[in-house]
Amino acid sequence: MADPTLQQPAGTADIMPGTPDFDAYPVTETIAAAKTDGDVVTVSWSDGLESRYHAQWLRENAADPETINPLTRESTYDLVAAPDGLRAASVNVDAAGALAVRFEPEGHETAFHPGWLRAHDYSNGPAAAIDPVAPQVWTAADNAEPPSFDGAAVLTDDAVLEDWLTALARFGLARLRNVPAEPGMVAKVAGRIGTLRDSNFGIVFDVRARPDPDSNAYTSLALAPHTDLPTREYQPGLQFLHCMENTTAGGAAVYVDGFAVADHIRKTDADAFAALTTIDWTFTNRARDTDYRWRSPSVVLSPDGSYREVRIGGFLRGPLAIPFDDVPRAYRALKLYSRLAGDPAFQQVFTYRPGDLVGFDNRRILHGREAFDAGGGARWLQGCYGEREELQSRLRVLARNRRLQ
Ligand code: OGA
Ligand code: ZN
């Protein structure tokens, strides 16, 4: 079923109706019975679960051409024009096993695909998580090396792509090995996910010691664990680093789960955690032609208390703009966070081999490197940025394509 059509024409009631989107919904449970009190429709499933749906919600999600544009699958429904007192006047399970509903006073009739209805039940607890893959925080004790996958196959094999991206979403980083060490390859691989994020450093940037660096990254200095572009309102959600060459002494890569560090502080030092999540730091980019600045706490929580992002960048911290009396607390908390991020207990440390390509969530995972000897040999990485939402979208589509097969 590559492209299910919307509502079937009258007289074909034994054919399952379409759905208001492009996904596929295997029918794992059938509808045993359905009833309505006008405002709410109650569906009893073959496994005993009962789901309730509001008449207005059902009406808006009707998979018919009067409600959903069949080409775009976007809604054409006008809520303002909906009749007051809209009711699901009658319901029944049709010959195909779909839920047929008659709405009054419109006299509108439509049928709902049971797989779609079951997948969109919002009456039994909170709706399904919006993340396609639940994040899992880690420390060195349980995740000493990045999960690794075959980079030679990732450009052509969706199964390998999905494995890599699932690990990336879960652990915040995942490594490909043996990606051909060719310039520009990093953008090709990251482009398998979605559009890339440009910046003043270019779509693809070369990380190597340069005579005229415009970032500490382009020297042989050690870089403490950090997020990239903390100077932007929206830090890139993804970063990719692809090793082209590495024959220098030193320069080991360091990766830290920034959420794990925050969580450790949350459990052990309430005042430090409060300071990290509420006091703004200022980040400034110092460059001849750009002047990006942003202020944010180091750890940003979602309204439900889960971690949204970390923003850590010692070499880009700028002048303070916080209440005078907050300064000692702010420094104490940041020092604690940074000390923990520098502790091997939180770190993955490894040496890049040519062909290694690490993808990571730049709003969660801190990355850094040890200093290297710029005189002996060469160390050359190519990098680019993407966004978390591209990763999530690609994961959903890869899963959908498996269902549609
Ligand atoms: C960077 C960076 C890490 C490295 O370019 O932003 O942190 O291993 N590089 O060189
Ligand atoms: Zn960096």
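For the structure itself, look to the data block above.
Residues numbered from 1 in each chain as written. Chains lettered and ligands numbered in written order. Predicted model: local features only at pLDDT ≥ 70, side-chain atom pairs only at ≥ 80, totals over all residues. Heavy atoms only, no water.

Overview of the overall build of the protein
Each helix and strand in the protein was counted, giving eight helices and 20 strands. Overall, the protein is about 80 × 55 × 45 Å in size when its C-alpha atoms are taken along their principal axes. Counting only residues that meet the buried cut, the protein has 49% of its 405 residues in that class. Contacts in the protein between residues far apart in sequence, at least 24 positions, make up 74% of those at least 6 positions apart. Accessible surface computed for the protein: about 18900 Å², of which carbon and sulfur atoms make up 52%. In the protein, 40 positive and 55 negative side-chain charges are present, and the distance between their average locations comes to 7 Å. (Helix = DSSP H or I, 4+ residues; strand = E, 2+ residues; numbered from the N terminus. Buried < 20%, exposed > 50% of the residue type's maximum accessible area, 1.4 Å probe, protein only. Contact = heavy atoms within 4.5 Å. Areas by Shrake-Rupley, 256 points an atom, 1.4 Å probe, with all protein chains shown as cover. Lys, Arg positive; Asp, Glu negative; His and termini not counted. Charge placed at Lys NZ, Arg CZ, Asp CG, Glu CD.)

What to know about the pairing of strand β1 (residues 31-36)
Direction of pairing for β1 relative to strand β2 (residues 40-45): antiparallel, over a ladder of five bridges. From the neighbouring strand, Ala-33 faces β2, where its bridge partner is Ser-44. Here β1 hands over to β2 after three residues, with Gly-38 in that stretch at a positive phi of 100°. (Pairing = 2+ DSSP bridges.)

Brief notes about the nonpolar core
Side chains of a nonpolar character, in soluble globular proteins, are inclined to be buried together. Core analysis: the biggest nonpolar cluster contains 45 residues, and Trp-164, Leu-165, Phe-240, Tyr-255 and Tyr-352 have the highest contact counts within it. In terms of residue count, helix α3 (residues 158-171) provides more of this core than any other element does, eight residues in total. Other than its neighbours up to four places away in sequence, Leu-165 contacts Ile-193, Leu-391, Arg-394, Leu-395 and Leu-398. One finds Val-261, Leu-276, Ala-330 and Leu-340 within the second-largest nonpolar core, a separate group that totals 28 residues. (Core = buried A, V, L, I, M, F, W, Y, C linked by side-chain atoms within 4.5 Å.)

Re the sheet that holds strand β20 (residues 379-386)
Spatially, the six strands line up as an open sheet ordered β7-β8-β18-β11-β20-β9, and their pairing is mixed. Whereas interior strands pair on both sides, the edge strands pair on one side only; in this sheet they are β7 (148-150) and β9 (205-207). Strand-to-strand twist across the sheet, computed as the mean angle between neighbouring axes with direction ignored, equals 25°. Of the pairings in the sheet, the one linking β9 to β20 comprises three bridges and is antiparallel in character. (Axes fitted to C-alpha atoms, helices over the stretch in contact; angles between N-to-C directions.)

Observations concerning the packing of aromatic side chains
Within a pair of aromatic rings, the relevant descriptors are the distance that separates the centres and the angle that separates the planes. Tallied over the full model, the rule gives 13 aromatic pairs. Summarising the aromatic geometry, the rings of Phe-205 and Tyr-385 are spaced 4.9 Å apart at their centres and angled 40° between planes, so their arrangement reads as tilted. Here the residue Phe-205 occupies a position in strand β9, and Tyr-385 occupies one in strand β20, the gap between them amounting to 180 residues. Phe-205 sits in the buried class, given a relative accessible area of 4%. Ring plane angle 85° and centroid distance 5.6 Å describe the contact between Phe-350 and Tyr-352, whose orientation is recorded as edge-to-face. Each member of the pair, Phe-350 as well as Tyr-352, is classed as buried. (Phe/Tyr/Trp six-rings, centres within 6.5 Å; stacked < 30°, edge-to-face > 60°.)

Looking at the sheet that holds strand β4 (residues 87-93)
Reading across the sheet, the three strands line up as β4-β5-β6 and stay open at both edges, with antiparallel pairing between neighbours. At either margin of the open sheet sits one strand with a lone partner, and together these are β4 and β6 (108-112). Across the sheet, the mean angle separating the axes of adjacent strands is 25° when strand polarity is ignored. Across five bridges, the pairing between strand β5 (residues 99-104) and β6 is antiparallel. Each residue of the ladder has a partner; that of Arg-102, found in β6, is Glu-109.

Topic: the site of ligand 1
In the vicinity of ligand 1, the contacting residues are Val-207, Ala-217, Leu-223, His-226, Asp-228, Tyr-352, His-367, Arg-369, Arg-379 and Leu-381. With respect to ligand 1, the side chain of Arg-369 contributes an N or O atom lying 2.8 Å from an oxygen atom. Its free accessible area being 290 Å², ligand 1 has 97% of it covered by the protein chains. Of all elements in the fold, only β10 (223-226), β19 (365-369) and β20 reach the threshold of two or more residues within the shell around ligand 1. Considered class by class, the residues forming the shell around ligand 1 number five nonpolar, two polar and three charged. (Near = heavy atom within 4 Å. Polar contact = N/O pair within 3.5 Å; in protein donor to acceptor, adjacent residues only side chain to side chain. Nonpolar A, V, L, I, M, F, W, Y, C, P; charged D, E, K, R; others polar.)

Things to note about the pattern of salt bridges
This model, assessed by the stated rule, comprises 21 salt bridges. Residues participating in the shared-partner salt-bridge network are Asp-269, Asp-271, Asp-326, Arg-329 and Arg-332. (Salt bridge = Lys/Arg side-chain N within 4 Å of Asp/Glu carboxyl O.)

Looking at unusual backbone geometry
In this structure, the amide linkage connecting Glu-104 to the following residue, Pro-105, adopts the cis form with an omega of 10°. Within the secondary structure, Pro-105 sits in the loop between β5 and β6. One non-glycine residue, Arg-73, lies in the positive phi region at around 60°. Looking at where Arg-73 falls in the secondary structure, it is placed in the loop between α1 (55-60) and β4. The exposure class assigned to Arg-73 is buried, which follows from its relative accessible area of 10%. Of note in the backbone geometry, Asn-178 takes a positive phi value of approximately 65° without being a glycine.

Let's talk about the packing of helix α5 (residues 258-268) against helix α6 (residues 270-278)
Closest axis-to-axis distance for the α5/α6 pair is 6 Å, and the angle between their directions is 135°. Accordingly, the angle class assigned to the pair α5 and α6 is oblique. Where α5 approaches α6, its residues Ala-262, Ile-265, Arg-266 and Thr-268 are matched on the opposing element by Ala-270, Ala-272, Phe-273 and Leu-276. Of the residues assigned to the contact of α5 with α6, the class counts are six nonpolar, one polar and one charged. (Parallel < 35°, antiparallel > 145°, perpendicular 65-115°, else oblique.)

Quick look at the packing of α3 against helix α8 (residues 388-404)
It is at 10 Å that the axes of α3 and α8 come closest, and there the two elements cross at 135°. Relative to α8, the element α3 lies oblique. Helix-helix and strand crossings are classified by hand; for α3 and α8 the assignment is left-handed. The segment α3 lies against α8, with Asp-158, Leu-161, Glu-162, Leu-165, Thr-166, Leu-168 and Ala-169 engaging Leu-391, Arg-394, Leu-395, Leu-398, Ala-399 and Arg-402. (Left-handed = near helix turned anticlockwise from the far one by under 90°.)

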